[in-house]
Amino acid sequence: MKTLVLIGSNRKQGATATEALAQARELDPTGQDTIVHFVHEMKVACCCGCEFCRKEPACSQKDDMAGLIQEMLDSEAVIIASPVYFGALSGQLKTVCDRLYPVYRGGGKSLLAGKKLYLVYTQHSPCDTYADVRKTAEDYLFRFLGFQLVQTTVVGKDGKRYYAGT
Ligand SMILES: Cc1cc2nc3c(=O)[nH]c(=O)nc-3n(C[C@H](O)[C@H](O)[C@H](O)COP(=O)(O)O)c2cc1C
């Protein structure tokens, strides 16, 4: 399966990368159709809020984000993996997510409609701690953008899976 992996932790051997890459191997065992990005290595500026993308399905800022959106559109599945930082997605990933605004075309329409999404969170706290936060991100970010959420996995700091489900 053509899989795009976005990892929101700088730590390449960390819990977030380990779980995300394991899931990618399940979706695409040979790895030939998998693209992996550690988002901190990409040139992605913060959304500047200019609203250019409300008129055109594109961004006024020219950096790696246009290519990333194209890779997302071309993929069959997207894995978004983040360490929990102060109860939320890492800043690295939030910046990328804000820049997905061009795919949302208003009135519930999205260029990503139906795209399979696998969410991975890693955290120090017990699994239930951020269930409300995860639900908010699901409703107001990921489902809003049109993703079809296939699975959410929550992993402890030691790499142990607390939960995998929908
Ligand atoms: C800046 C920062 C904030 C964090 N905030 C939380 C938090 O709010 N709740 C929590 O359970 N763990 C928190 N942690 C712990 C990380 O979520 C946890 O260590 C994570 O598994 C690290 O993933 P990694 O190995 O991929 O870096 C925080 C870690 C850092 C560095």
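Details of the structure are given in the entry above.
Residues numbered from 1 in each chain as written. Predicted model: local features only at pLDDT ≥ 70, side-chain atom pairs only at ≥ 80, totals over all residues. Heavy atoms only, no water.

Caption draft 1: View of the site of the ligand. The local shell around the ligand holds 16 residues, among which Arg-11, Thr-16, Val-84, Ser-125 and Tyr-130 are the closest. At 2.9 Å, a backbone N or O of Ala-15 approaches an oxygen atom of the ligand. A distance of 2.9 Å separates an oxygen atom of the ligand from a polar backbone atom of Gly-87. Those elements that place two or more of their residues in the shell around the ligand are α1 (15-27) and β6 (116-123). For the shell around the ligand, the class distribution of residues is six nonpolar, eight polar and two charged. (Near = heavy atom within 4 Å. Polar contact = N/O pair within 3.5 Å; in protein donor to acceptor, adjacent residues only side chain to side chain. Helix = DSSP H or I, 4+ residues; strand = E, 2+ residues; numbered from the N terminus. Nonpolar A, V, L, I, M, F, W, Y, C, P; charged D, E, K, R; others polar.)

Caption draft 2: The arrangement of the packing of aromatic side chains in detail. According to the stated counting rule, one finds two aromatic pairs in the structure shown. A cation over an aromatic ring shows up here: Lys-12 above the ring of Phe-38, its NZ or CZ 4.9 Å from the ring centre. In this arrangement the basic side chain of Arg-54 is found over the ring face of Tyr-101, its NZ or CZ atom lying 3.8 Å from the centre. (Phe/Tyr/Trp six-rings, centres within 6.5 Å; stacked < 30°, edge-to-face > 60°. Lys NZ or Arg CZ within 6 Å of the ring centre and 35° of its normal.)

Caption draft 3: How the structure looks around the pattern of salt bridges. Scanning the model with the defined rule gives seven salt bridges in all. Linking Arg-161 and Glu-19 is a salt bridge whose minimum nitrogen-to-oxygen distance equals 2.8 Å. A residue pair is termed long-range when its members are at least 10 positions apart, and Arg-161 in strand β8 (residues 161-165) and Glu-19 in helix α1 qualify at 142 residues. Via salt bridges that share partners, Glu-19, Glu-26 and Arg-161 belong to a single interconnected network. (Salt bridge = Lys/Arg side-chain N within 4 Å of Asp/Glu carboxyl O.)

Caption draft 4: Representation of the nonpolar core in the model. Residues Leu-6, Met-72, Ile-80, Leu-117, Phe-142 and Phe-147 are the most contacted members of the largest nonpolar core, which totals 29 residues. Every element with two or more residues in this core is listed here: β1 (3-7), α2 (65-74), β3 (77-83), α3 (91-98), β6 and α4 (131-142). Sorting elements by how many residues they give to this core places α2 first, with four residues. Those residues in contact with Ile-80, other than ones at most four positions away along the chain, are Leu-6, Leu-93, Leu-117, Tyr-118, Leu-119, Val-120 and Phe-142. (Core = buried A, V, L, I, M, F, W, Y, C linked by side-chain atoms within 4.5 Å. Buried < 20%, exposed > 50% of the residue type's maximum accessible area, 1.4 Å probe, protein only. Contact = heavy atoms within 4.5 Å.)

Caption draft 5: Examining the side chain of Glu-138 more closely. Following the sequence through the fold, Glu-138 ends up in helix α4. Overall, Glu-138 belongs to the buried group, its relative accessible area being 12%. Once residues within four sequence positions are removed from consideration, Glu-138 is found in contact with Leu-119, Arg-143, Phe-144, Leu-149 and Thr-152.

Caption draft 6: Spotlight on the sheet that holds strand β2 (residues 34-38). Here six strands make up an open sheet; going across it, the order is β2-β1-β3-β6-β7-β8 and the pairing mixed. Where the open sheet ends on each side, the last strands, each with one partner, are β2 and β8. The mean inter-strand angle of the sheet, taken between neighbouring strand axes irrespective of direction, is 10 degrees. In terms of strand pairing, strand β7 (residues 148-156) meets β8 through four bridges, oriented antiparallel. Bridge assignment links Val-155 to a residue of β8, and that residue is Arg-161. (Pairing = 2+ DSSP bridges. Axes fitted to C-alpha atoms, helices over the stretch in contact; angles between N-to-C directions.)

Caption draft 7: Spotlight on α2. Listing the buried residues of α2 in full gives Met-65, Leu-68, Ile-69 and Met-72. Across the axial projection of α2, the buried residues extend over an arc of 100 degrees, all falling on one side. (Arc of directions from axis to C-beta.)

Caption draft 8: Structural context of α1. Over its 13 residues, α1 extends 19 Å from the first C-alpha to the last, a length consistent with the 18 Å expected when each residue adds 1.5 Å. Considered for burial, the residues of α1 that qualify are Ala-15, Thr-16, Ala-17, Glu-19, Ala-20, Gln-23, Ala-24 and Leu-27. Among the structural elements, β1, β2, β3, β6, β7 and β8 are those in contact with the buried residues of α1. (Expected span 1.5 Å × (residues − 1).)

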